[in-house]
Amino acid sequence: MTGRQGGRPGPIRRHSVKEDVEREVRSHLALRGEELERSGWTAADARVEAERLFGDRTAIEHECRKITESRDRAVRRWEMWQGVIQDVVYALRNLRRSPGFALTSLVTLAMGIGANAAIFSVTYSVLLRPLPYEAPDQLVDFLETGNRGGRMQVAWANYVDWEREARSFDGLAAYTVGRSTVIGADRPLRTSVASVSGDFWTVFRLAPVTGRFLTPDEHTPAGAPSIVVGHSLWQNELNGAPIEDITLEVSGRRAQVVGVAPPDFDFPGGAEVWAAAEPHGNTSRTSHNWRVVGRLNGSTTVDAAEQELDAMTKRIVQDEADADPDFLAAGVAATPLRETLVGASRTPLLLLFGAAGLVLLVACTNLASTLLARGTSRARELAIRSSLGAGRSRVVRQLLTESLVLALAGGAAGVGVAMMVTRVLRSVGPATLPRIDELAVDVRVLLFATVVAAVSTLLFGLYPALRLTRGDAEAALSGGRGNSLGHRGPVWRILVGTEVALALVLLVGSGLMVRSVQSLLDQETGFDGSDVATTELALSRLKYESGQDHARWYEGLLAELSATPGIRSAGLMSEIPGGGSLPNGRIELDGDLSKTGIAGYVVASPEAFDALDIPLIRGRFFGPQDGPDDAHVVLVSQGFAEATWPGEDPIGKQVTSGGMDDFWEQRIFATVVGVVGDVRMRHVATEPYPTIYWAYRQRPFRLQFGAEVVAEAEGGNAASLIGAVRTTVERLDADVPVDVVPHQAVIDRALASQRFMTMLLGAFSIIGLLLAAVGIYGVVAYSVARRRREMGIRVALGAQPSSVGAMVVRSSMRLVLGGIVVGLVGAVFGARVLESQLYEVEPGDPLTLFGVTAVLLGTALLASWLPARAGTRTDPMITMRAE
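Model, not experiment: these values are computed from the prediction. (Residues numbered from 1 in each chain as written. Predicted model: local features only at pLDDT ≥ 70, side-chain atom pairs only at ≥ 80, totals over all residues. Heavy atoms only, no water.)

This part covers the overall build of the protein. Each helix and strand in the protein was counted, giving 25 helices and 25 strands. For the protein, the residues scored as buried account for 49% of the 883 residues in total. Considering only contacts in the protein between residues 6 or more positions apart, those separated by 24 or more positions represent 80%. As displayed, the protein has an accessible area near 40700 Å², and 55% of this comes from carbon and sulfur atoms. (Helix = DSSP H or I, 4+ residues; strand = E, 2+ residues; numbered from the N terminus. Buried < 20%, exposed > 50% of the residue type's maximum accessible area, 1.4 Å probe, protein only. Contact = heavy atoms within 4.5 Å. Areas by Shrake-Rupley, 256 points an atom, 1.4 Å probe, with all protein chains shown as cover.)

The subject of this paragraph is the packing of aromatic side chains. The way to describe two aromatic rings as a pair is by their centre distance and the angle between their planes. Counted under the stated rule, the structure contains 28 aromatic pairs. A centroid spacing of 4.0 Å and a plane angle of 5° characterise the contact between Trp201 and Phe213, whose relative ring orientation is stacked. On the criterion of sequence distance, the pair formed by Trp201 in helix 6 (residues 200-204) and Phe213 in the loop between strand 8 (210-211) and strand 9 (226-229) is long-range, its members being 12 residues apart. Judged by its relative accessible area of 5%, Trp201 is buried. Connected via pairs of aromatic rings, a cluster forms that spans Tyr133, Tyr175, Phe200, Trp201, Phe204, Phe213, Phe265, Phe267 and Trp274. Against the face of Tyr689 rests Arg682, its NZ or CZ located 4.5 Å from the ring centre. (Phe/Tyr/Trp six-rings, centres within 6.5 Å; stacked < 30°, edge-to-face > 60°. Lys NZ or Arg CZ within 6 Å of the ring centre and 35° of its normal.)

Another aspect to go through is the pairing of strand 20 (residues 633-637). The buried count for strand 20 comes to 5 of 5 residues, which makes it a mostly enclosed element. Burial of strand 20 is two-sided: the residues Val633, Leu635 and Ser637 facing one way and the residues Val634 and Val636 facing the other way are all buried. Pairing of strand 20 with strand 22 (residues 670-676), which is carried by 5 bridges, proceeds in the parallel orientation. Within strand 22, the residue paired with Leu635 across the bridge is Gly674. The sheet contact formed by strand 20 and strand 23 (residues 691-695) spans 3 bridges and is antiparallel. The residue of strand 23 that forms the bridge with Val636 is Ile692. (Pairing = 2+ DSSP bridges.)

What follows concerns the packing of helix 16 (residues 547-562) against helix 19 (residues 722-732). The description of two helices packed together rests on the angle between their axes and the distance between the axes. At a minimum axis separation of 10 Å, helix 16 and helix 19 run at an interaxial angle of 140°. In this view, helix 16 runs oblique relative to helix 19, as classed from their interaxial angle. For the crossing formed where helix 16 meets helix 19, the hand is right-handed. Listed contacts from helix 19 to Trp553, Gly556, Leu557, Glu560 and Leu561 of helix 16 are Val725, Thr728, Val729, Arg731 and Leu732. (Axes fitted to C-alpha atoms, helices over the stretch in contact; angles between N-to-C directions. Parallel < 35°, antiparallel > 145°, perpendicular 65-115°, else oblique. Left-handed = near helix turned anticlockwise from the far one by under 90°.)

The next point concerns a nonpolar patch on the surface. The grouping of Trp81, Val84, Ile85 and Val89 at the surface amounts to a nonpolar patch, some 360 Å² of accessible area in total. Structurally, Val89 can be placed in helix 3 (residues 57-96). A relative accessible area of 42% places Val89 in the partly exposed class. (Patch = residues over 30% accessible without salt bridge, like charges linked within 9 Å, V, L, I, M, F, W, Y side chains within 5 Å. Salt bridge = Lys/Arg side-chain N within 4 Å of Asp/Glu carboxyl O.)

Below, the discussion takes up the pattern of salt bridges. Enumeration according to the criterion identifies 27 salt bridges in this entry. A salt bridge links Arg568 to Glu712; its shortest N-O distance comes to 2.5 Å. Residue Arg568 is found in strand 16 (residues 567-573), and its partner Glu712 is found in strand 24 (residues 707-713); the two are separated by 144 residues along the sequence. Glu712 sits in the buried class, given a relative accessible area of 4%. Members of the salt-bridge network, linked through shared partners, are Asp161, Arg164, Glu165, Arg285 and Arg315.

Moving on, we get to the layout of surface pockets. The calculated volume of the second largest pocket comes to roughly 420 Å³. Lining the second largest pocket are 20 residues, with Ala344, Pro348, Ser753, Gln754 and Gln837 sitting closest to its centre. If you list the elements that add at least two residues to the lining of the second largest pocket, you get helix 10 (346-377), helix 15 (490-522) and helix 21 (752-786). Looking at side-chain class alone, the lining of the second largest pocket contains 12 nonpolar, 8 polar and no charged residues. (1 Å grid on protein atoms, 1.4 Å probe; cavity = no way out; pocket = protein on both sides within 12 Å on 5 of 7 lines; lining within 4 Å. Points joined across faces, edges and corners; volume = space filled by probe spheres on them. Nonpolar A, V, L, I, M, F, W, Y, C, P; charged D, E, K, R; others polar.)

Looking now at the side chain of His683. Mapped onto the fold, His683 is located in the loop between strand 22 and strand 23. Apart from residues no more than four positions distant in its own chain, His683 is found in contact with Gly578, Ala750, Leu751 and Gln754.

Moving on, we get to unusual backbone geometry. At the junction of Phe267 and Pro268, the peptide bond is cis and its omega measures out at 0° in the coordinates. Assignment of secondary structure puts Pro268 in the loop between strand 11 (253-260) and strand 12 (273-276). A positive phi is found at Ala135, a non-glycine position, where the angle reads about 45°. Take Ala135: its relative accessible area is 30%, and that puts it in the partly exposed class.

Attention now moves to the nonpolar core. Membership of the largest hydrophobic core comes to 59 residues, with the highest contact counts inside it found for Leu352, Phe764 and Ile776. Elements with a contribution of two residues or more to this core: helix 4 (99-128), helix 10, helix 15, helix 21, helix 23 (801-830) and helix 24 (846-872). Looking at which element gives the most residues to this core, the answer is helix 21, with 13 residues. Within the second largest apolar cluster, 43 residues are counted, among which are Leu557, Val603, Phe640 and Ala711. (Core = buried A, V, L, I, M, F, W, Y, C linked by side-chain atoms within 4.5 Å.)

Among the 8 residues of strand 7 (residues 189-196), 8 are classified as buried, and the element is accordingly described as predominantly covered. Bridge count for strand 6 (residues 169-183) against strand 7 is 8 bridges, and the pairing is antiparallel. Each bridged residue has a counterpart across the sheet, and for Val177 the counterpart in strand 7 is Ala194. The pairing of strand 7 with strand 12 spans 4 bridges and is classified as parallel. Residue pairing across strands places Ala194 opposite Trp274, the latter belonging to strand 12.

With that settled, consider the environment of Leu92. As for its placement among the helices and strands, Leu92 is situated in helix 3. The class for Leu92 is partly exposed, based on a relative accessible area of 47%. Linking Leu92 and Thr401, residues 309 residues apart in sequence, is a C-alpha distance of 9.7 Å.

Here it is as structure tokens:
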């Protein structure tokens, strides 16, 4: 006791552990002293002897305090876990009594957490996972910049000077990659082959799985042809045979396999074969065909390395007074290799991650509003708990435990959703998305899902718990209830409105992407490949030595295909429309070497224009009279003709090939005999580039590196031609790898990134719409349940059930309309983030905004009307008697 105050006992003070121990020691010493006194000791001597027998008092008190404190901690832990277990058991029992609410909440959280976990998996694999190289942050990729500010690949002669003079690097290597025919495996292959300079393997600090990498002698024009192959190719196509027994034909050379790269290495561009670049280098400073990768030394930054190469490039091109200034480098641009590999994927992935976050916010807002609504039916229960002595913090803990149980269950289900989604994304993700094959739900994703579940608990559980425990217990016990949908005041309206606004933002983003993709598909491309099958072919340059040998083989193939039943026409082009590539260069005009222009370069047969429905504007196509020994002729695109000879007749004009074939030593002018329509050669989203088409029999040089053969189906079904084209090619030469696809597949690959983003945004927006609808339905349903007596009285007094239902719908739709207004403002501003991903669609596109608003309004109206209608169909007398 602490004494009496006004005749009443004061509160009992809890002693500290130290005070308790000191009291126990004093008590022990006093008892021992009394015992000694009874044995004849004096009081003073007994006290001294008791302390001597007791020992080191300070040490014993310290040890006792440790024991007591440890015991108290154990008791507190046990009590805490007992409380947690009690809360969890009660939460599970409470959720079992409301299976509909529990299931709806579980699905809501599973969708929100699953979407975030799946997108985190993609984002981590593409943007965050370390590159599989030693010290990857030291690797930097280099391009050159032109006089007009654009970026271009590096001229080999410039790279040679960089490699010799630069001091910022531990290694510097040039590389390029392209598809090539590989012969000598179990079957002929068309795969990615990289040409790399001597320091390439040093830059990446790799060790071969078996064998060795190329030696300096092999990186010379006189060196023995040797190659390194990828681990996958070695295992799957070469059966893991000893490398000394393997010789392959690659890019027109028989080469000995000398080593196998590590299993996870496929740089650059999915390469499976690496050959020496030096035999292909040239001294031109205007021929930009290479990229350069360097490993910075320990003391150099990316900016410093860029400045060194930039200054060096400006100096070395000063001596090229006779070179074309439009094709000379004006500087250097450096990019960390990770950024190069990520490329254009960063912005779409971050946008998708943001969209997934909005889905989670919609889910949490949905649950917060539902918990508030559900809390009205638990007001009496919470009031009783408070009246029986439970403090507010204890009740809040119980409510948060229920939310945490829901969140953890939703997180577990979300991980399952994420596993399914990542499996789908691996199969449908675009090839342009780096490292898409590495997608997996690993420990990091599980940790992320756990964190998201914990954050979700706070987002949707904390405020309702605090709000519900702030009520008047006496009013709740006496049966007081709210009487309208807005009985929770502005907070209720804010939650419902926020849910609607977030769903609207998601829907607008999805709608804009759908409109953008549709705009791409609706573009006038200048060709029609819907009924065309295509295959990229490349012949053995050892078996067919000259360009004319290649031209004759293709001529035979086209004749065979044209005679095949079901094929209306068959032709070839060195570049396929929409295929992503179009070489270009400086050309001379009108027989005057000083009069120049720039144009794309394509070698074609006349049948290709017919198969692809590329129209002839004027003049004629190539014909039998345009043989290899006849005067050279060309077709030009309409855009090129109008830009080069405005107001003049282009027929009869003359052009050269600009050094893009084997006529660069002696400029041979060709005569324009026809003008064809503009074609979007590089991409359906890229404006047509001025293009010159050359007769393949007269300019067969590029055929040695491959050509696209196109075949048009008579019945319009391109897929029906796949077997016939493959069989014909294999019959003419079994060493030619062949992969026939409908040309539409080429266009689909070009649009894969946009469609991938549209698909995910669409899925997120549908989830957001469903969650908003479920949230509105749940809120209105709980409101109807709370107002059932009022609604019964209204009907009993003569009100029409439809008017009573309309009253409820109007009340909920006011909240929805407020959310739509806020959502429209947010969507217009938020859509600007999407602007870089849109094609010919404005962020504030009225059609999208109107359509999305109509869909959301209709969904909200239905979600409000269904529970309102159910509430008005109950017999009012039954309702009133129940009350």
